There are 2 protein chains.
Amino acid sequence: MSDNISVVFTPSGKRGTFPKGENILKIARELGVDLDSVCGGRGICGRCQIIPSFGQFAKFNIECTEESFTAFNDVEARYKRIKGLKDDRRLGCNCQIMADAVVDVPEESQIHKQVIRKAISDKPLVVNPTTKLYLIDVEEPDMHHPSGDLERVKVALQNQWGITIHHYNIHILTQLQKKLRDGKWQVTAVVRQQEQFFELVDIFAGFCENIYGLAFDVGSTTISCNLVNLRDGVVINSVGAMNPQIRFGEDLMSRVSYSMMNADGAGEMTKAVRETLNNLMEKAREGHDIEADLIVEMVLVGNPVMHHLLLGLSPVELGWAPFALATNGAVNIPATELGFAVNKGCLAYILPCIAGHVGADCAGVVLSESPYNADKLTLLVDVGTNAEIVFGNKDKLLACSSPTGPAFEGAQISCGQRAAPGAIERVRIDSETLEPKFKVIGCETWSNDPEFATENASVGVTGICGSGIIEVIAEMMLASILTNDGFIDGEKAAINPRIIAEGRTFAYILHDGEQQIKVTQNDIRAIQLAKAALYAGCQLLIDKIGRPPEFIGLAGAFGSHIDPKYAMILGMIPDCPLENVQSVGNAAGTGARMALINRTARTEIERVVHQIEKIETAVEPNFQDYFVGAMGIPHATADFPHLQKSITLPPKIKRDAAASGGGERRRRR
Amino acid sequence: MSDNISVVFTPSGKRGTFPKGENILKIARELGVDLDSVCGGRGICGRCQIIPSFGQFAKFNIECTEESFTAFNDVEARYKRIKGLKDDRRLGCNCQIMADAVVDVPEESQIHKQVIRKAISDKPLVVNPTTKLYLIDVEEPDMHHPSGDLERVKVALQNQWGITIHHYNIHILTQLQKKLRDGKWQVTAVVRQQEQFFELVDIFAGFCENIYGLAFDVGSTTISCNLVNLRDGVVINSVGAMNPQIRFGEDLMSRVSYSMMNADGAGEMTKAVRETLNNLMEKAREGHDIEADLIVEMVLVGNPVMHHLLLGLSPVELGWAPFALATNGAVNIPATELGFAVNKGCLAYILPCIAGHVGADCAGVVLSESPYNADKLTLLVDVGTNAEIVFGNKDKLLACSSPTGPAFEGAQISCGQRAAPGAIERVRIDSETLEPKFKVIGCETWSNDPEFATENASVGVTGICGSGIIEVIAEMMLASILTNDGFIDGEKAAINPRIIAEGRTFAYILHDGEQQIKVTQNDIRAIQLAKAALYAGCQLLIDKIGRPPEFIGLAGAFGSHIDPKYAMILGMIPDCPLENVQSVGNAAGTGARMALINRTARTEIERVVHQIEKIETAVEPNFQDYFVGAMGIPHATADFPHLQKSITLPPKIKRDAAASGGGERRRRR
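Residues numbered from 1 in each chain as written. Chains lettered and ligands numbered in written order. Predicted model: local features only at pLDDT ≥ 70, side-chain atom pairs only at ≥ 80, totals over all residues. Heavy atoms only, no water.

Colleague: Quick question: what am I supposed to make of the overall build of chain A here?
Modeller: Counting secondary structure elements, chain A contains 18 helices and 31 strands. The dimensions of chain A, computed from C-alpha atoms along their principal axes, are 95 × 65 × 55 Å. The proportion of buried residues among the 669 residues of chain A is 61%. Restricting the contact set of chain A to residue pairs at least 6 apart, pairs at least 24 apart contribute 66%. Carbon together with sulfur atoms contributes 49% to the accessible area of chain A, which is approximately 25900 Å² in total. Each charge class in chain A was averaged separately, 66 positive and 81 negative side chains, and the resulting centres sit 2 Å apart. (Helix = DSSP H or I, 4+ residues; strand = E, 2+ residues; numbered from the N terminus. Buried < 20%, exposed > 50% of the residue type's maximum accessible area, 1.4 Å probe, protein only. Contact = heavy atoms within 4.5 Å. Areas by Shrake-Rupley, 256 points an atom, 1.4 Å probe, with all protein chains shown as cover. Lys, Arg positive; Asp, Glu negative; His and termini not counted. Charge placed at Lys NZ, Arg CZ, Asp CG, Glu CD.)

Listed below in structure tokens is the structure:
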């Protein structure tokens, strides 16, 4: 038969000529068209759906009609009846070309399909998971040619999918005999690909349609978990929990101390976090009818201390110079070793750490925001107990961490609390009357609204969270309640009795209900120290590049809640056009999800992390100066022309912040 | 400096010219001379010992004198003081050449050293283990160039030994930080090489001299364990135990039945054998001051049922056609997965199985005897509940198993017992008087010796073991106590009252002490069935090759104890010059030991097993005929000219063995 029929695939535009009667799935494979299939052409999986495009296609010089294809057949009819199939669709594996044809491959039939992220700013993620499914028919044993069940599975994968298995999970063996016979020698193989290395992870009897993965962001305070369908990258469920290690220490350093002071301190914390992770896995599955055995992939991110405790490693070395990591490479570890009751072939992938204080969570942020592909100089800030800072673009990328301490998380603040219902998160102060209004998490109305008392009744006003403390201090500055050097001005008590004396200093009462919520001079000092550390870290990286950022991304829970304007008023972050400062959401978690659904993301972040230039703030001579200079509000050493364009700031005054004790704090690490 | 000094190494004869002052270890490496080193030239390990050869060497055109080498230095003196060093020896790493020199590398300094096997017939084994030690100095962490401890270990192995680590055992991480610091950044890396793939198995703080491996032969009845030093292949300790699965069934088929009849029958047997294996590991270490953590390699062999139960696999499929193995490939499994409390990086290697009834034990026999390298047609017979038979030479190798049943192991024999103290193992019958004499295991004197009663007192006479039953029946034939068709001749009672009537048949009383030990007609039938099966299996393979064996090796405990002459008189094995029939000892265990100490042995046996042609006796049409024909003693279908040359046989008579029921037995499997 001569190859005289032209076939064009859209949207790829790939084309070729083929003999009449050739199968569309086969043609697609020959041309390298991105057309999915799990069942290998048996009409079972429905992944190879295509849309015949009828009409005159001048640019291809093709007229495509009903006659271009074989008629809808029984296999397709059965699939449509059982699983459903849109009217314009065909199964590529059961449809042959009979004349010149144009064939469209819809998004969901593509192997490298994309999944849309929820937030508007988010780029879509490409789906190309490490682990995929392959339906195979395995030869039955034959005593004339004795060979093992496993070996015949390997032969089937080789012959039917061209996959050479280099390694198999040893736990497969125990169920192999039963599964092959239960499936009547038809099984779905779960195959993991790492570079050009193929591992047989498991097999399921008969046809298995979906496998799943988990992406964990292990924060010091909260842990989030996404259950993801590896077929299409869609998040099935998102759940979260408090990090149970909090009972051993609120911030990272106290957990490191706990493991120094207690013989098996690290072990206890490891056990605690692993239990919570496994519980989250169970919680994520609830109501979704997904067997734990179907969970075959897992990705985790966390800062270096979380990373070490998760892996059962002592974090003690991270507590002092030279802040040595046990490993900075990406870690592949069987999920069962981390205590997960999932598929025994499930591999947990933990992103690489960048440095002793810049962890796998920061690598997740970098992967998510990919500044290494950007032209624009991008500053990424992930604020936790340590701020992890990345700056640069495709030419060069720098990273450091800065010891902000837990003030931004509401710790070390007299009325501080974690971001939870009842916490004040938004504040405005009238610059005439010095009267505040605020909003609390869990209640949509402002506190000066007549409805507030009613609507707030169920949550109350319990404290100030990180973003609230930023706003109230910035507003106190804008209303001149703060003096130039960051002191609460006692003379302002004459205007509003909310300014009260507390010993030799003053405080500002934000709310006087069941609980009195106030801002003390110590609170302001704590925030000054934290924001100075953050700013100094950013400035250090800006110095190394020699140019200011063109985009600032604020990552993490704190970064999501903070109003960029107030961050800038306070002098937390360097000056930048306000419209170019954005929250990038839980970028660490997004990075974990990317590494979960796309195997090339893993090699990408490993390569990038290796190339990042690591800056150790503790030994940078300028850090001290920047730190001291950034203590004021806003501070002495930097101009904020973009900020001043956007909002009206009180007259900027030179301040001497030398007395603020930043040097001592710096050595705290 | 010009390269003008000639250096010749013996025994390799490798030579080259080098600059004056060059280090001998370095020269050896450059020339590819087989000179060992663990410490990489630090003068710690003493593995690179060489012997300067002084004198005129006409064939090399070299005069080698004291001046050819630098003087004995402090490092060598220290090593000699602490560890001892023969007077003629130097440390290659601390000795430089100063003039033309001849350098001898003694056997123990060679990397691929040989280890002598105990038995005289045994070929020496080459030592080239999968896992070796490498002393490294690891860079200390530097916060200006942050990198993980693990990554710096990898860099050290790369820079100091040229080894690229592809994989590391995840359990290393937990102890890594401590070990590096305990060793003051000098550690010994344990590295496993499989093909060109290097795995970091563990690290030990400081210099570690020895690591160990275990070779297990998991028989249905007994389990043997060799503890081996991987440095030189020397067996440190050999221990053994009964297979605890005996309580679930004496022979293989009854264990398969047990797992069919009981929900977790296979699981119970798996647990039992794993416990015994771990106990043997402990027992082997006793008194040898070897930490379990130093055991980093393990090799196991066993028949297919033992293989499956060991791995936690159901053996049920092995109980019926088509006798499908779960896997026939070599299995690598972490030893901890088999329940061993050894180094967590210890990998257990299980030799490949040949077919559903020809197991990893037989692969061990093949590896040990290497008929695939032989010119002579070699017949290897390993007798257990199934006889595993291999026949061929370097051109072609065939294998089959034959259902001998447990009679050769003393089971199904009225007074049968396992080979243990008290069991009759040697028998002679006077052909005139029909009086027997015998020897029992555990007593050196014959039963007709006046000392026998005294010397035997402690062990007694408790039964007949496999080799004893062979001899007594063969001697009964030689003494014409047996009729031509294998019946005990009642008329012989007239000559000796040891021939007694038992119902319609007769028995022969071998011993009448505390216990009466006799041979019944049923015993003779059981042995006839077993030996006919064995003979028929051999004959089938001989047919396929078309020529008789030139060497017969009898493997296993039974093969070690049996007198080849009697095996031939009985017609168990084909005819062959008696001097070419030998016991090859526990060849399966030797094969395990070879795979333990030499990694190329593993690839070799995997290749060979793949090439062996598997014959399934159950479906071979000639098997039935051979079986029936081989029922007589000696039997009807074969001549034994070699045997007849060696001993005087009674007149050979055609017998009709057709009524013997062999067909029924054949289908027993």
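Colleague: Sorry, what's going on with helix α8 (residues 360-369) of chain B here?
Modeller: Note on helix geometry: an α-helix contains 3.6 residues per turn, so any two residues three or four positions apart are oriented the same way. Residues and elements named next belong to chain B. With 10 of its 10 residues buried, α8 lies for the most part within the structure. Along α8, the positions that sit buried rather than exposed are A360, D361, C362, A363, G364, V365, V366, L367, S368 and E369. At the exit of α8 stands S370, carrying a positive phi of roughly 35°.

Colleague: Explain the relation of the copies chain B and chain A to me, please; I cannot follow it from the model alone.
Modeller: Between the two copies of this chain, the relationship is a rotation about some axis together with a displacement along it. Least-squares fitting of chain B to chain A yields an RMSD of 0.1 Å, with the transformation described by 0.0 Å of translation along the axis and a rotation of 180°. The superposition operator between the copies reduces to a two-fold rotation axis. Interface overlap between copies: 100% of the residues of chain B at the interface are likewise at the interface in chain A, consistent with a symmetric, same-surface contact. (Least-squares fit on C-alpha atoms with pLDDT ≥ 70 in both.)

Colleague: So what exactly am I meant to see when it comes to empty space enclosed by the protein here?
Modeller: Summary: where empty space remains is shown by rolling a probe the size of a single water molecule over the atoms. Here the structure, examined in full by the defined rule, presents nine cavities of 30 Å³ or more. Roughly 90 Å³ of internal volume is contained in the largest cavity. As for the largest cavity, its lining consists of 14 residues, of which A:A355, A:G356, A:I615, A:E616 and B:P146 are closest to the centre. Among the elements that line the lining of the largest cavity, the one with the most residues is strand β22 (residues 397-402) of chain A, at three residues. For the lining of the largest cavity, the class distribution of residues is nine nonpolar, three polar and two charged. (1 Å grid on protein atoms, 1.4 Å probe; cavity = no way out; pocket = protein on both sides within 12 Å on 5 of 7 lines; lining within 4 Å. Points joined across faces, edges and corners; volume = space filled by probe spheres on them. Nonpolar A, V, L, I, M, F, W, Y, C, P; charged D, E, K, R; others polar.)

Colleague: Please clarify how the sheet that holds strand β30 (residues 581-583) of chain B should be interpreted in this entry.
Modeller: Strand-to-strand pairing in sheets goes through backbone hydrogen bonds, with the strands running parallel or antiparallel. Strands sit in the order β30-β29-β20-β21-β22-β31 (chain B) across an open sheet of six strands; the sheet is mixed. The sheet terminates laterally at β30 and β31 (613-614) of chain B, the two strands that pair on one side only. (Pairing = 2+ DSSP bridges.)

Colleague: I would appreciate a short explanation of the sheet that holds strand β19 (residues 347-350) of chain B in the present structure.
Modeller: Residue and element names in this part refer to chain B. Strands sit in the order β16-β15-β14-β17-β19-β18 across an open sheet of six strands; the sheet is mixed. Sheet topology places β16 (235-242) and β18 (331-334) at the edges, where each strand pairs with a single neighbour. Neighbour-to-neighbour, the strand axes of the sheet open up by a mean angle of 20°, direction not taken into account. With four bridges connecting them, β18 and β19 associate as antiparallel partners. Paired with P334 across the two strands is L347, which belongs to β19. (Axes fitted to C-alpha atoms, helices over the stretch in contact; angles between N-to-C directions.)

Colleague: What is the right way to read the packing of aromatic side chains from this model?
Modeller: The geometry of an aromatic ring pair comes down to the distance between the two centres and the angle between the two planes. In the structure shown here, the tally under the stated rule is 16 aromatic pairs over all chains. Seen from their ring centres, B:F54 and B:F69 are 6.2 Å apart, and the 80° between their planes marks the pair as edge-to-face. With B:F54 in the loop between β3 (49-52) and β4 (55-57) and B:F69 in the loop between β5 (62-64) and α2 (74-83), this pair connects stretches of sequence that are 15 residues apart. What makes B:F54 partly exposed here is its relative accessible area of 42%. On the basis of relative accessible area, B:F69 is assigned to the buried category, the value being 6%. Sitting above the plane of the A:F487 ring, A:R525 keeps its charged end 4.6 Å from the centroid. Its end group placed over the ring of A:Y349, A:R602 keeps NZ or CZ at 4.6 Å from the ring centre. (Phe/Tyr/Trp six-rings, centres within 6.5 Å; stacked < 30°, edge-to-face > 60°. Lys NZ or Arg CZ within 6 Å of the ring centre and 35° of its normal.)

Colleague: Looking at this structure, how should I read the pairing of strand β21 (residues 387-392) of chain B?
Modeller: Within a regular strand, side chains alternate between the sheet's two faces. Residue and element names in this part refer to chain B. In terms of residue burial, β21 counts as a mostly covered element, since six of its six residues are buried. With burial as the criterion, each face of β21 is covered, one bearing A387, I389 and F391 and the other bearing E388, V390 and G392. In terms of strand pairing, strand β20 (residues 378-383) meets β21 through six bridges, oriented antiparallel. Counterpart to V381 in the pairing with β21 is I389. Joining the antiparallel neighbours β20 and β21 is a turn of three residues. Note that β21 and strand β22 (residues 397-402) share six bridges and pair antiparallel. The partner of V390 across the bridge, within β22, is A399. Where β21 folds back on β22, the antiparallel hairpin that results is connected by four residues.

Colleague: What exactly am I supposed to notice about the interface of chain B and chain A here?
Modeller: How big an interface is tends to be reported as the loss of accessible area on association of its parts. Each partner contributes residues to the interface: chain B has 43 residues there, and chain A has 43 residues. Between chain B and chain A, roughly 3300 Å² of surface is buried when both sides are summed, and carbon and sulfur atoms account for 62% of that area. Of the charged contacts, one joins A:E317 and B:R181 as a salt bridge, the two residues approaching to 3.0 Å between their closest N and O atoms. Our enumeration of links across chain B and chain A arrives at 20 residue pairs in polar contact (both at pLDDT 80 or more). Mapped onto the side of chain B that touches chain A, the elements with two or more residues apiece are α3 (149-161), α4 (172-182) and β18 of chain B. (Buried area = accessible area lost by both parts, 1.4 Å probe. Salt bridge = Lys/Arg side-chain N within 4 Å of Asp/Glu carboxyl O. Polar contact = N/O pair within 3.5 Å; in protein donor to acceptor, adjacent residues only side chain to side chain.)

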